[in-house]
Amino acid sequence: MSRRTMLKWLACLSAVLAGVVLLLAARHIPGFAAWYAANVFPVFPHTAGRVMSLLPFSVFEVVLVLLVLALLCGAAYVVYSLFGRTGRARLRGQVPGAALRLFAVLSCAFLMFVLTAGINYSRESFADHIGITVRDSTADELVRLYIKLAERAAVLSREIETDSYGHFVLHREGIHGRAIAAMHGLCDMYGGLGSYFPRAKAPVLSRLLLSNMNIGGFFSPWTVEAHYNGDMPGQSIPFVIVHELAHAAGHMREDEANFVAYLAAANSDCIGFRYSAVYAALTYTLQALHRAVGAQRYAELFALLPEQVVRDMAYARAYWRSFDGRAAEVATRANDTYLRLNRQEDGVQSYGRMVDLLLAYYRD
């Protein structure tokens, strides 16, 4: 191995080691993650986030497609080389270089993830920032929260626009500006969200990839881009966009991002955003109620939902069920594992912990 090659391997190992040290520091040194979130992390949305926002397409989606094509071409090249003696010899000679390049890509990707997402899993929560404390709640408190949300949804249902089927109609023109305005509005109220939010993007392959994997949105830590599924039912889109902008602002935990999304959208000037916030909160609250009260009581409470919300929930349920399959199961398990590895012990159930934050918010 040449000295130059050895230095390249050492550089890759250094990137991995730096990422590991930063993660350990965030998890075990009090105050480090909070300091990093306030003083270092904002560099990324202000630089990479700004540049990516200038582009009307998802850079992450383009890179992903190119990566798949590169893997297919690489596999074809390997198969072709295996048929000839000289090809096999040439292939063996290329393995060390290919391994180094692969390790370089993976080590840089790992370090970038740590810098833009990993450390922030250990930062101060938004709930702590605004001074609310989560504690055990009773079923009665949960019911009161649900009734409050249902009453608010009833008012909003009379103001939103619907189509010929009675489903919520989302006006997408200017939606990204309204989402950013909602985040700025919440930041003006409480702070703790930074000063720049990138433009959210709907991947071209939303239906093919995201819907089939039951994904409503995601944040790319490598390109600092917020994504949402542009094909899913419209009542969920505003909430999901703001949820992903919460990730882009450094709040990586899913319950926190849901909580931020609810507060931002619920206080928006746009009726569609306010309806989307209450709709999402009702969805999670109903799931909590199903576990907390008996079947008869749950049926009685469900009957309090406005007809508009019932129609929109039925439409969303039918939409997502049409994509049930192996891909959705694998994606859910992968997301569950990812969340648990990043200190979210409840895995995918952590999304629903937004209800605990709402209970604390309205109680305090």
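Quick look at the structure, then. Per chain, residue numbering runs from 1 following the sequence as it is written. With pLDDT at 70 or above as the cut-off, local features in this predicted model cover only qualifying residues; side-chain atom pairs require 80 or more to be listed or tallied, and sums for whole chains, interfaces and linings still use all residues. As a rule here, side-chain values cover all heavy atoms of the structure and leave hydrogens and water aside.

### Some remarks on the pairing of strand β2 (residues 225–228)
Then step 1. Residue burial is assigned from relative accessible area. The probe radius is 1.4 Å, only protein chains are included, and a residue is buried under 20% of its type maximum, exposed over 50%, and partly exposed in between. Secondary structure elements are defined from DSSP: runs of H or I of at least 4 residues count as helices, runs of E of at least 2 residues count as strands, and each element is numbered from the N terminus. Of the two faces of β2, the one lined by Glu225 and His227 and the one lined by Ala226 and Tyr228 are each fully buried.
Then step 2. In terms of strand pairing, strand β1 (residues 217–220) meets β2 through four bridges, oriented antiparallel. Within the sheet, the bridge partner assigned to phenylalanine 218 lies in β2 and is histidine 227.
Then step 3. Following DSSP output, two strands are said to pair if at least two bridges run between them. Where β1 folds back on β2, the antiparallel hairpin that results is connected by four residues, among which valine 224 adopts a positive phi of roughly 55°.

### A closer look at helix α15 (residues 326–341)
Then step 1. The span expected for a helix works out to 1.5 Å for each residue beyond the first. With 16 residues, α15 ought to run about 22 Å at 1.5 Å a step, and its terminal C-alpha atoms sit 23 Å apart, in line with that.
Then step 2. Taken as a whole, α15 has its buried residues at Ala328, Ala331, Asp336 and Leu339. The buried side chains of α15 occupy one side of the element, clustering within an arc of 135° when seen end-on. Of the residues in α15, the exposed ones pointing more than 90 degrees away from the buried face are Arg326, Arg333 and Leu341.
Then step 3. Contact between two residues is taken to exist if any of their heavy atoms lie within 4.5 Å; hydrogens are not considered. Contacts from the buried residues of α15 go to α11 (254–266). The arc in question is traced by the directions running from the helix axis to the C-beta atoms.

### A few points about helix α3 (residues 43–53)
Then step 1. Among the residues of α3, those classed as buried are Phe44, Pro45, Gly49, Met52 and Ser53. Viewed along the axis of α3, the buried residues span an arc of 105°, placing them on a single side of the element.

### A short note on empty space enclosed by the protein
Then step 1. Points on a 1 Å grid, built from protein atoms alone, make a cavity when a 1.4 Å probe fits but cannot get out and make a pocket when they are open with protein on both sides within 12 Å along at least 5 of 7 lines; residues with an atom within 4 Å of a point are the lining residues. Grid points are joined across faces, edges and corners, and a volume is the space filled by probe spheres set on the points. Per the counting criterion, the structure on display carries one cavity of 30 Å³ or more.
Then step 2. Space inside the largest cavity adds up to approximately 40 Å³.
Then step 3. Gly falls in the polar group here, along with every residue not listed as nonpolar (Ala, Val, Leu, Ile, Met, Phe, Trp, Tyr, Cys, Pro) or charged (Asp, Glu, Lys, Arg). By residue class, the composition of the lining of the largest cavity is two nonpolar, three polar and four charged.

### Section: the side chain of histidine 167
Then step 1. By the secondary structure assignment, histidine 167 is in the loop between α7 (139–157) and α8 (175–190).
Then step 2. Sequence-distant contacts of histidine 167, defined by excluding residues within four places in its chain, comprise Glu161, Thr162, Gln308, Arg311, Asp312 and Tyr315.

### Examining the pattern of salt bridges
Then step 1. Only one rule defines a salt bridge in this text: a Lys or Arg side-chain nitrogen within 4 Å of an Asp or Glu carboxyl oxygen. For the structure shown, the criterion picks out seven salt bridges.
Then step 2. Among the ionic pairs, arginine 297 bridges to glutamate 300, the shortest N-O distance being 3.5 Å. In this pair, arginine 297 and glutamate 300 are both assigned in helix α13 (residues 295–302), three residues apart and thus about one turn of the helix distant.
Then step 3. The partly exposed category is assigned to arginine 297, whose relative accessible area is 37%.
Then step 4. Measuring nitrogen to oxygen at the nearest pair gives 3.9 Å for the salt bridge that ties glutamate 307 to arginine 311. On the criterion of helical spacing, the pair formed by glutamate 307 and arginine 311 is a turn pair, its members being four residues apart in helix α14 (residues 307–321).

### Topic: unusual backbone geometry
Then step 1. The phi dihedral of asparagine 214 is positive, around 55°, even though this residue is not glycine.
Then step 2. Residue classification places asparagine 214 among the partly exposed positions, given a relative accessible area of 33%.
Then step 3. Residue valine 224 is not a glycine yet carries a positive backbone phi of 55°.

### Structural notes on the layout of surface pockets
Then step 1. Space inside the second largest pocket adds up to approximately 800 Å³.
Then step 2. Every residue lining the second largest pocket is counted, 22 residues in all, and those nearest its centre are Leu67, Leu71, Leu102, Val105 and Leu106.
Then step 3. Secondary-structure elements contributing two or more residues to the lining of the second largest pocket are α4 (59–81) and α5 (85–118).
Then step 4. A total of 11 residues in the lining of the second largest pocket trace back to one element, the largest contributor, which is α5.
Then step 5. Its residues placed into classes, the lining of the second largest pocket shows 18 nonpolar, three polar and one charged.

### Observations concerning the packing of aromatic side chains
Then step 1. Pairing of aromatic rings covers Phe, Tyr and the six-membered ring of Trp, with a centre-to-centre limit of 6.5 Å; geometry is then stacked below 30 degrees between planes, edge-to-face above 60, and tilted otherwise. Considering all chains together, one arrives at 14 aromatic pairs under this definition.
Then step 2. Seen from their ring centres, phenylalanine 126 and tyrosine 190 are 6.3 Å apart, and the 90° between their planes marks the pair as edge-to-face. Of this pair, phenylalanine 126 sits in helix α6 (residues 126–130) while tyrosine 190 sits in helix α8, placing them 64 residues apart in sequence.
Then step 3. Classification of phenylalanine 126 as buried rests on a relative accessible area of 0%.
Then step 4. Relative to tyrosine 362, the ring of tyrosine 361 lies with its centre 5.3 Å away and its plane at 80°, an arrangement referred to as edge-to-face.
Then step 5. With a relative accessible area of 21%, tyrosine 361 lands in the partly exposed category.
Then step 6. Given the relative accessible area of 29%, tyrosine 362 is considered partly exposed.
Then step 7. Members of the aromatic cluster, each reached through a chain of ring pairs, are Phe126, Tyr190, Phe259, Tyr361 and Tyr362.

### Here we look at the packing of α8 against α11
Then step 1. Comment: axis = line fitted to C-alpha atoms, over the contacting stretch for helices; angle = value between 0 and 180 degrees taken between N-to-C directions. It is the contact of α8 with α11, at a shortest axis distance of 8 Å, that shows an interaxial angle of 100°. Considering the angle they form, α8 stands roughly perpendicular to α11. Touching Ala182, Met183 and Leu186 of α8 are Val260, Leu263 and Ala264, all from α11.
Then step 2. By residue class, the composition of the contact of α8 with α11 is six nonpolar, no polar and no charged. The scheme is simple: roughly parallel for angles under 35 degrees, roughly antiparallel for over 145, roughly perpendicular for 65 to 115, oblique for anything else.

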